[in-house]
Amino acid sequence: MGAELPYHSRMGSFSPTVPRNIRKHLAPGEGVVLVLHPSAWRYILHYLLGLILLGFSIVLPVFEAKAVAAISGILYIAYTELRRRRIAYVVTTHRIMKEARLFSRRSSTLPMNRITDVHLDQSFFGRLFNFGDLFINTAGEGGFELVMEKIPGPGDVKATIESQLLETRKKS
């Protein structure tokens, strides 16, 4: 069954099962190729701010101020990671999905058979730290339908999507 296929999270970990929130949206026979989240580099300034707050907990003279700085730093880093993880890009054998959820939910879906172009945009720092944007265009629409922002390994992700496009076209 497609929902039982392993997937690669692009953050270096493999899982034997697909997350529940993604699994329930899969069609029969549809397998997950990869699940990824925006690169941590996109949020580097936020992580640094949290670390600076933690640093203040070392240098502040009053215990209460140290505690407030430490707790603030930890909470801000956790909040930043939650913001990063709430966005998921899913490539399946039939489509590409973008889902943003925390308290509300927004999702976009593009069927593989409608995708015409996949464009990669990677800055100098993106090449240095291996992150970038993928712009996915579909037939009959103006502009880009889906943007995968600041994803890790954009070249590999583009190759994976193009491979799935070839598989989809072979089946048609």
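Look up: the structure comes first, before these words.
First, a word on scope: everything that follows refers to the structure included in this document.

The rules behind each value
- Think of each chain on its own: its residues are numbered from 1, step by step along the sequence as written.
- Residue-level local features of this predicted model are given only where pLDDT is at least 70; pairs of side-chain atoms are given and counted only at 80 or more, and the full residue set underlies all totals for whole chains, interfaces and linings.
- Where side-chain values are given, they derive from all heavy atoms of the structure, hydrogens and water being excluded.
- In this analysis, rings of Phe, Tyr and Trp, with Trp reduced to its six-membered ring, are considered paired at centre separations within 6.5 Å, and the interplanar angle assigns stacked below 30 degrees, edge-to-face beyond 60, and tilted for intermediate values.
- Per-residue accessibility, obtained with a 1.4 Å probe over protein chains only, is compared with the maximum for each type, and a residue is labelled buried under 20%, exposed over 50%, and partly exposed between these values.
- Pairing between two strands is assigned when DSSP locates at least 2 bridges connecting them.
- Only runs of H or I of at least four residues qualify as helices and only runs of E of at least two qualify as strands under DSSP, and these elements are numbered from the N terminus.
- Fitting a line to C-alpha atoms yields each axis, with helices limited to the stretch in contact; the angle taken between N-to-C directions then spans 0 to 180 degrees.
- Any two residues whose heavy atoms approach within 4.5 Å are treated as being in contact.

What follows deals with the packing of aromatic side chains. Evaluation of the coordinates by the stated rule reveals three aromatic pairs. An angle of 70° between the planes, with centres 5.4 Å apart, marks the rings of Phe124 and Phe125 as edge-to-face. Owing to a relative accessible area of 53%, Phe125 belongs among the exposed residues under this scheme.

Here we take up the sheet that holds strand E7 (residues 115-121). One open sheet holds the three strands; their spatial order is E7-E8-E9, and the pairing between them is antiparallel. On the outer flanks of this sheet lie E7 and strand E9 (146-152), each paired with one strand and no other. Direction aside, the axes of adjacent strands within the sheet are offset by 20° on average. Pairing of E7 with strand E8 (residues 131-138), which is carried by six bridges, proceeds in the antiparallel orientation. Across the sheet, the residue bridging to Ile115 is Thr138, located in E8. Each of E7, E8 and E9 touches helix H5 (residues 154-171); the most contacted strand, E7, lies at about 170° to it.

Just geometry here; none of it tells us what the structure is for.
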